[in-house]
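Below, each chain spelled out in residue letters.
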Amino acid sequence: MTDSDLARQVRDVSRLTGEFVLRSGRTATEYFDKYQFESDPLLLDKLAEQMAVLIPEGTEVLAGLEMGGIAVVTALGRHAKLPCAFVRKQAKAYGTARLAEGAEVAGRRVLVVEDVVTSGGQVVLSTQDLRRLGAHVDHALCVIDRQEGGAQALSAEGITLRALLTRADLEAAA
């Protein structure tokens, strides 16, 4: 499968048109329903296989963000043979009461994994949380970068965004 074939497949299964409010609060006429590619085991596996080569050298833990990043990080961890942490938006008040479940992040080089990045807001917030826990975070990896300022917002926080696919890739695959 070529990169353009993969982009076409992701676009075909996940692109919706209409009016959508994004996490950033912006309204968009195009939306990538990440759950459509995350719930397809064959497509998710192919995405994770290709994302594995984008993992920065020295990464010790993959940290998937609640909720969409969890499926992606689990598949990616399988290909990369790296442990995973599952990062909540807010720690629960019961059980372990941890913000990051799974692999320990303190003192380790952590790669934040997200499904779709638009403004980068949740990646910024979760990275701040991970850093407070002692993680060393300087990269994030996503399936789709909507190219709406997320990479720049992350750069301002010392985070380099790597994306398997961009909005331009998906548009070119039409």
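Residues numbered from 1 in each chain as written. Predicted model: local features only at pLDDT ≥ 70, side-chain atom pairs only at ≥ 80, totals over all residues. Heavy atoms only, no water.

J.: Please explain the packing of helix 3 (residues 41-52) against helix 4 (residues 68-80) as it appears in this structure.
T.: Relative orientation and spacing of two packed helices are given, respectively, by the angle between their axes and the distance between those axes. Two elements in contact, helix 3 and helix 4, have axes whose closest approach is 8 Å; the angle formed by their N-to-C orientations is 60°. Viewed along their axes, helix 3 and helix 4 adopt a mutual orientation that is oblique. Both helix 3 and helix 4 take part in a crossing whose hand is right-handed. Across the interface between the two elements, L44, D45, A48, E49, M51 and A52 from helix 3 touch A71, V72, A75, L76, R78 and H79 from helix 4. (Axes fitted to C-alpha atoms, helices over the stretch in contact; angles between N-to-C directions. Helix = DSSP H or I, 4+ residues; strand = E, 2+ residues; numbered from the N terminus. Parallel < 35°, antiparallel > 145°, perpendicular 65-115°, else oblique. Left-handed = near helix turned anticlockwise from the far one by under 90°. Contact = heavy atoms within 4.5 Å.)

J.: What am I meant to see in the packing of aromatic side chains here?
T.: Note on aromatic pairs: each is described by the distance of the centres and the angle between the planes. Counting across every chain of the model gives 1 aromatic pair. Consider the rings of F20 and Y31, whose centres lie 5.2 Å apart with planes at 25°: the pair is stacked. Of this pair, F20 sits in strand 1 (residues 15-21) while Y31 sits in strand 2 (residues 27-32), and the two are 11 residues apart along the sequence. Residue Y31 is classed as partly exposed on the basis of its relative accessible area, which comes to 22%. (Phe/Tyr/Trp six-rings, centres within 6.5 Å; stacked < 30°, edge-to-face > 60°. Buried < 20%, exposed > 50% of the residue type's maximum accessible area, 1.4 Å probe, protein only.)

J.: Could you clarify how one ought to interpret the sheet that holds strand 7 (residues 136-145) in this entry?
T.: Strand pairing within a sheet occurs via backbone hydrogen bonds; the two strands may be parallel or antiparallel. Within the open sheet, the 6 strands sit side by side as 5-4-3-6-7-8. Their pairing is mixed. Single-partner strands in this sheet number two, and they are strand 5 (100-102) and strand 8 (160-166). When the angles between neighbouring strand axes are averaged without regard to direction, this sheet yields 25°. Here strand 3 (residues 61-65) runs beside strand 6 (residues 109-117); their pairing, made up of 4 bridges, is parallel. Counterpart to A63 in the pairing with strand 6 is V112. The strands that helix 4 touches are strand 3, strand 4 (84-87), strand 6 and strand 7; relative to strand 3, the one it contacts most, it runs at about 160°. Sitting on the sheet, helix 5 (residues 121-132) touches strand 3, strand 4, strand 5, strand 6 and strand 7, and the angle it makes with strand 6 is about 160°. (Pairing = 2+ DSSP bridges.)

J.: It is not clear to me how the environment of E19 should be interpreted in this structure. Could you clarify?
T.: Within the fold, E19 resides in strand 1. The class of E19 is exposed, set by a relative accessible area of 71%. Apart from the residues within four sequence positions on either side, E19 is in contact with T27 and A28.

J.: Would you mind going over the nonpolar core with me for this structure?
T.: A general trend in soluble globular proteins is that nonpolar side chains are found buried together. Membership of the largest hydrophobic core comes to 27 residues, with the highest contact counts inside it found for V10, F37, L47, L62, L76 and I144. For this core, the secondary structure elements donating two or more residues are helix 1 (3-14), helix 3, helix 4, strand 6, strand 7 and strand 8. If one sorts the elements of this core by residue count, helix 3 sits on top with 5 residues. With residues up to four places along the chain from it excluded, the contact list for I144 reads V10, F32, F37, D115, V116, V117, L165 and L170. Counting residues in each nonpolar core, the second largest holds 21 residues, with A103, V123, C142 and I159 among its members. (Core = buried A, V, L, I, M, F, W, Y, C linked by side-chain atoms within 4.5 Å.)

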